[in-house]
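Observations on chain architecture
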Amino acid sequence: MLVLGIESSCDETSVAILKDGKEVLANAVYTQIPFHEVYGGVIPEVASRHHVKKITYVFEEAFRIANVKKEDIDLVCVTTHPGLIGSLLVGINAAKAFALTYHVPLIEVDHIVGHIYANFIEHDFNFPMIALVVSGGHTELRLMKDHYDFTLLGETLDDAVGEAYDKVGRVLELTYPAGAKVDKLSFEGSPSYKLPVVLLDKDSYNFSLSGLKSAVINTVNKCNMKGEEINKADLACSFQTSVIKVLVSKTIKAAKEYGVRQVVVAGGVAANKGLRLALASAVEAELPNVELSFPSMKYCTDNAAMIAVAGYFKYLIDKKNN
Ligand code: KG4
Ligand code: ZN
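I will try to describe carefully the structure that is included in this document. (Residues numbered from 1 in each chain as written. Chains lettered and ligands numbered in written order. Predicted model: local features only at pLDDT ≥ 70, side-chain atom pairs only at ≥ 80, totals over all residues. Heavy atoms only, no water.)

**What to know about the sheet that holds strand S2 (residues 12–19)**
- What the five strands build is an open sheet, ordered S3-S2-S1-S4-S5; its pairing is mixed. Lying at the two open borders of the sheet, with one neighbouring strand each, are strand S3 (23–31) and strand S5 (106–110). Across the sheet, the mean angle from the axis of one strand to that of its neighbour is 20 degrees, orientation sign disregarded.
- Pairing analysis gives eight bridges linking S2 to S3, with the strands arranged antiparallel. Its bridge partner lying in S3, Ser 14 is registered against Val 29.
- In the packing of helix H3 (residues 85–102) onto the sheet, the strands contacted are strand S1 (2–7), strand S4 (75–81) and S5, and the crossing angle to S4 comes to about 160 degrees. (Pairing = 2+ DSSP bridges. Helix = DSSP H or I, 4+ residues; strand = E, 2+ residues; numbered from the N terminus. Axes fitted to C-alpha atoms, helices over the stretch in contact; angles between N-to-C directions. Contact = heavy atoms within 4.5 Å.)

**A closer look at the side chain of Ser 208**
- On the secondary structure map, Ser 208 appears in the loop between helix H6 (179–186) and helix H7 (210–226).
- A relative accessible area of 15% means that Ser 208 is categorised as buried.
- For Ser 208, the side chain forms a polar contact with the side chain of Asp 158, separated by 2.6 Å.
- Excluding residues that lie within four positions of it along the chain, Ser 208 makes contacts with Thr 156, Asp 158, Val 198 and Leu 200. (Buried < 20%, exposed > 50% of the residue type's maximum accessible area, 1.4 Å probe, protein only. Polar contact = N/O pair within 3.5 Å; in protein donor to acceptor, adjacent residues only side chain to side chain.)

Dropping the structure here:
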């Protein structure tokens, strides 16, 4: 079965072609990051215009790489939410036009579910499992007992992890998106600044990151007012250490409480080296029988391959139920 995936929820235009929901034949991604960098964040109107301009080209690129014909596609999957409405509409309209032209079913995919299924491209799922979702817009812990069987255990009450990284990066004078740059810088420093580790109520799986983000911004402002120099690497390291402590402790707690067989990490922040190392050593020490998986770097940030995988499973489940 050949599955076409389309993703345009934010600042990446992507089209992928997968065989049987797993084998990636093509995953063409056009990123708009250089255009948004100058503004320090994504400008929705600029993003929609770039999607309109590039989507046909990205489509052609995917079919060229996969070396398949358009009429060979059996299923179309597209991100319908959450995301920037103008950007989403570009992908949705392209998907509808394709499905109508080639008479194939169209599956709506939740972008967050897509990030979780990015793990399936290179690893199988062993249920029950915990999914730690850490992206630019979301921070969640979900329990999955089967394909498409989600229980939300907790989520952020304010900033998402990626958002906090980008805002902290801005005060450290790093360009957008700053997550990977803060991650890299943190390995050059030590956690010498005292910053909060916000765990909330001990039984809660919710997250709160705005206090930590504000503490970093206040530290920078205070230093500037006093004319003191900031050790940027130490501040990045202190911030990253606090974030990771929270993410790791809640993920391990949830994995223990629900007796899971696997932990998967999803979203752009799954690319974070500090998080990868800390979670791997915590799982090894505390849950030696639990499998831990991260998507490879190219499937951490937005891409259509993950949308095709997620849509393929949704299609199979819908078919079974009807
Ligand atoms: O999942 P994603 O592509 O977008 C959403 O669906 O929101 O994630 C993008 C986010 C950005 O905030 C970016 O700064 C962050 O992921 N990010 C990282 C790293 N790489 C990307 N954050 C921390 N460490 C990284 N290595
Ligand atoms: Zn995303």
